[in-house]
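Chain and residue survey
Residues per chain, in single letters:
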Amino acid sequence: MQKLIIPDEPEIPILPNLFTAGNLLCGFFAIMTILQGMVAGSTTQESGYQFQAAYSLYQQATYFIFASCLFDLLDGRIARMSGQEGPFGREFDSLADIVSFGIAPALLLSKAVLFSIPYPGIAWGIAALYLLCAGLRLARFNCMAMMPRKTGQTTNFVGLPVPMAAGTIVSTMYLIIHLYRTEIDLGLWKYVLAAAMVGISILMMSRVIYPSFKHINFTTKGTVSGIIVASFAVVALFYFPWVMPAVIFCVYLLYGLVRPWIARRWQVIIEARSFQQDNDKND
């Protein structure tokens, strides 16, 4: 009888994958909180109270998605800095991302915004488009990461990264609902958010180049103006937590669109690269 041969277990670096697990769990908690918001909204008698009860839970779900963005930012950076990048971490990260930045935002936007559009089929279609593009974007990224690198190939992202897509649409929704927190109908804003979700879905599968900032580490040198801008952004994030996330994510989204028309010198400064890195990794 032939002996059964079991495939070798992959190496699993502990620290980076703990952050990826945090990403996945925050996505799961976001989905559970959204479901709680659905129940709270459907069981409350008064329509105004119904909106308020659901609003606080949707707000908590937004925080969980923001936390997922933070964990996702840290897991890859820790893996690169410790030399622990590998196929397991890449696959685990994509599985976590589809939950935290695919399913959770699609569910949140559907219930909080899209289902208030008069035509239910449009809401279903937009949410499905976003989720499908997020899944395809992650699969494309993994395939491109496994291919042999070509000379002069860019290390930046091709298409809007899924975490940034989720952060943009969720933070914008969070800002608008915060401004309309005493009203049930968001008016024309629900159509703006629906159109934004379609546009973000298309950007995820586009060929637009977005900076990855993978080169930034403890030895990266910045400019005085860059440090000042970053400091003001951090302070503003604490003072205006309902505004600054939307500003930061939207600026990143728009930067990718206008980047081809920005002078190379300014690209190097904005992306905190050295001119040597720019020449070595010219995109």
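The structure under discussion appears in the preceding block.
As the structure is a prediction and not an experimental result, all values here were calculated from the model.

This part takes up helix H5 (residues 162–179). End to end, H5 covers 26 Å across 18 residues, agreeing with the expected 26 Å (1.5 Å per residue, within 8%). By the criterion of burial, H5 is predominantly enclosed, with 15 of the 18 residues buried.

Where nonpolar side chains cluster on the molecular surface, the patch consists of Val234, Val235, Leu237, Phe238, Tyr239, Phe240 and Ile248 and spans about 740 Å² of accessible area. Among the elements that line the nonpolar patch, the one with the most residues is helix H7 (residues 224–239), at five residues. Here tyrosine 239 is to be found in helix H7.

Within the secondary structure, serine 201 sits in helix H6 (residues 189–204). Not counting the four nearest positions on each side in its chain, serine 201 is found in contact with Leu129, Tyr130 and Cys133.

Attention shifts here to the pattern of salt bridges. When charged atoms on two side chains of opposite charge get close, those side chains can pair. What the rule picks out here adds up to one salt bridge. Residues glutamate 271 and arginine 259 are paired through a salt bridge, measuring 2.6 Å at the closest nitrogen-oxygen approach. Within this pair, whereas glutamate 271 is found in the loop between helix H9 (264–270) and helix H10 (275–280), its partner arginine 259 is found in the loop between helix H8 (244–258) and H9, the two being separated by twelve residues in sequence. With respect to burial, glutamate 271 and arginine 259 carry one shared label: buried.

Reading guide: rules and limits
- Residues numbered from 1 in each chain as written.
- Predicted model: local features only at pLDDT ≥ 70, side-chain atom pairs only at ≥ 80, totals over all residues.
- Heavy atoms only, no water.
- Helix = DSSP H or I, 4+ residues; strand = E, 2+ residues; numbered from the N terminus.
- Expected span 1.5 Å × (residues − 1).
- Buried < 20%, exposed > 50% of the residue type's maximum accessible area, 1.4 Å probe, protein only.
- Patch = residues over 30% accessible without salt bridge, like charges linked within 9 Å, V, L, I, M, F, W, Y side chains within 5 Å.
- Areas by Shrake-Rupley, 256 points an atom, 1.4 Å probe, with all protein chains shown as cover.
- Salt bridge = Lys/Arg side-chain N within 4 Å of Asp/Glu carboxyl O.
- Contact = heavy atoms within 4.5 Å.

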